[in-house]
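Coordinates in review
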Amino acid sequence: MTALVRDEPKAQIVRDAGASAVVGDATDSALVTRLARESDGVIHLASARDVDSVFVAAALDGLSGSGKPFVHTGGVWTYGSNSDITEDSPAAPPALTAWRAANEAVVLGAQGVRGSVVVPSIVYGHGKGLARLIVDAPRGSGVAPALKLIGDGSQHWATVHVDDVAALYMLALENGEAGEVYIAAGGNNPTVRELAARAVDAAGGVEAETVAQTEERLGSGLAEALLLDQRARGVKARIDLGWEPNGPTLADEIATGSYAPQPARN
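The notes below deal with the structure included here. Computed from a predicted structure; not experimentally measured. (Residues numbered from 1 in each chain as written. Predicted model: local features only at pLDDT ≥ 70, side-chain atom pairs only at ≥ 80, totals over all residues. Heavy atoms only, no water.)

Describing the sheet that holds strand β10 (residues 159-161)
Ordered by their spatial adjacency, 3 strands build an open sheet running β8-β7-β10, and the pairing between neighbours is mixed. Two strands close off the open sheet at either side, each with one partner strand: β8 (128-129) and β10. Helix α6 (residues 162-175) rests against β7 (122-125) and β10 of the sheet, and its axis sits at about 85° to β10. (Pairing = 2+ DSSP bridges. Helix = DSSP H or I, 4+ residues; strand = E, 2+ residues; numbered from the N terminus. Contact = heavy atoms within 4.5 Å. Axes fitted to C-alpha atoms, helices over the stretch in contact; angles between N-to-C directions.)

So, in structure tokens, the structure goes:
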């Protein structure tokens, strides 16, 4: 396995994990095309607005006519607020991610390549990701300052552990069908208020924000996305690919896992 990474420190992390690394830019078309041609298949993880159109075209050029797999990355926010998101749910993306659709369509419609899209829910684990916006949120004033919520905290987040979504990418690479989309959702859909409550001790509490206050703190684009009310189960990936997500829930990770406060060292 070979990973394309931006710099030497990241390359060393890849090597330490037992894989090979190439230092380069995901928008270097010639490099991406060559690596794709030499590969047994491509997984595109570094999805970004200024990257995807270049990377997708270059990778598909390298894979053209081979029948090899290309697994692209989508995002659950594409489906907007929805109490039971499936792959067939209508798109209603926030402005922040409206750009994704065009690139996904190119992958799913590619000829001579087994193109598929994995759609991660909000990814958490190992103390990283958007969950930090909850555990590191500012606190109010007073003797027992309350943790600021994102909005009023009533919105559900569809979630997936990073180790589980990694397993789904590999299943899609090995067995995913051309033109198929697979939602990566562990099936646990907590509200932001429930998550924040796990991050405070008994002496503290949580405090709602208005939408305007959340927009001022996080920016209007990110706030719009984080205020979406989303629930998903990831049934298709389980049935079609045999995916079995079994990582700890985000609530447990916040309370006692990788996001919990670490004991002070002497």
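Some remarks on the packing of helix α3 (residues 52-63) against helix α4 (residues 100-108)
To describe two helices that pack against each other, one gives the angle between their axes and the distance between the axes. At a closest axis distance of 10 Å, the pairing of α3 and α4 adopts a crossing angle of 5°. With respect to each other, α3 and α4 are oriented roughly parallel. Across the interface between the two elements, D52, S53, V56 and L60 from α3 touch R100, N103, V106 and V107 from α4. Residues of the contact of α3 with α4, tallied by class, amount to 4 nonpolar, 2 polar and 2 charged. (Parallel < 35°, antiparallel > 145°, perpendicular 65-115°, else oblique. Nonpolar A, V, L, I, M, F, W, Y, C, P; charged D, E, K, R; others polar.)

Details of the packing of aromatic side chains
Throughout the structure, instances matching the rule amount to 1 aromatic pair. When the centroid spacing of 6.4 Å and the interplanar angle of 40° are considered together, the rings of F55 and F70 count as tilted. Here the residue F55 occupies a position in helix α3, and F70 occupies one in strand β4 (residues 69-73), the gap between them amounting to 15 residues. Residue F55 is classed as buried on the basis of its relative accessible area of 9%. Over the ring of Y182 we find K236; its NZ or CZ atom is 5.2 Å from the centre of that ring. (Phe/Tyr/Trp six-rings, centres within 6.5 Å; stacked < 30°, edge-to-face > 60°. Buried < 20%, exposed > 50% of the residue type's maximum accessible area, 1.4 Å probe, protein only. Lys NZ or Arg CZ within 6 Å of the ring centre and 35° of its normal.)

Bear in mind that shape data such as this cannot, by itself, settle questions of function.
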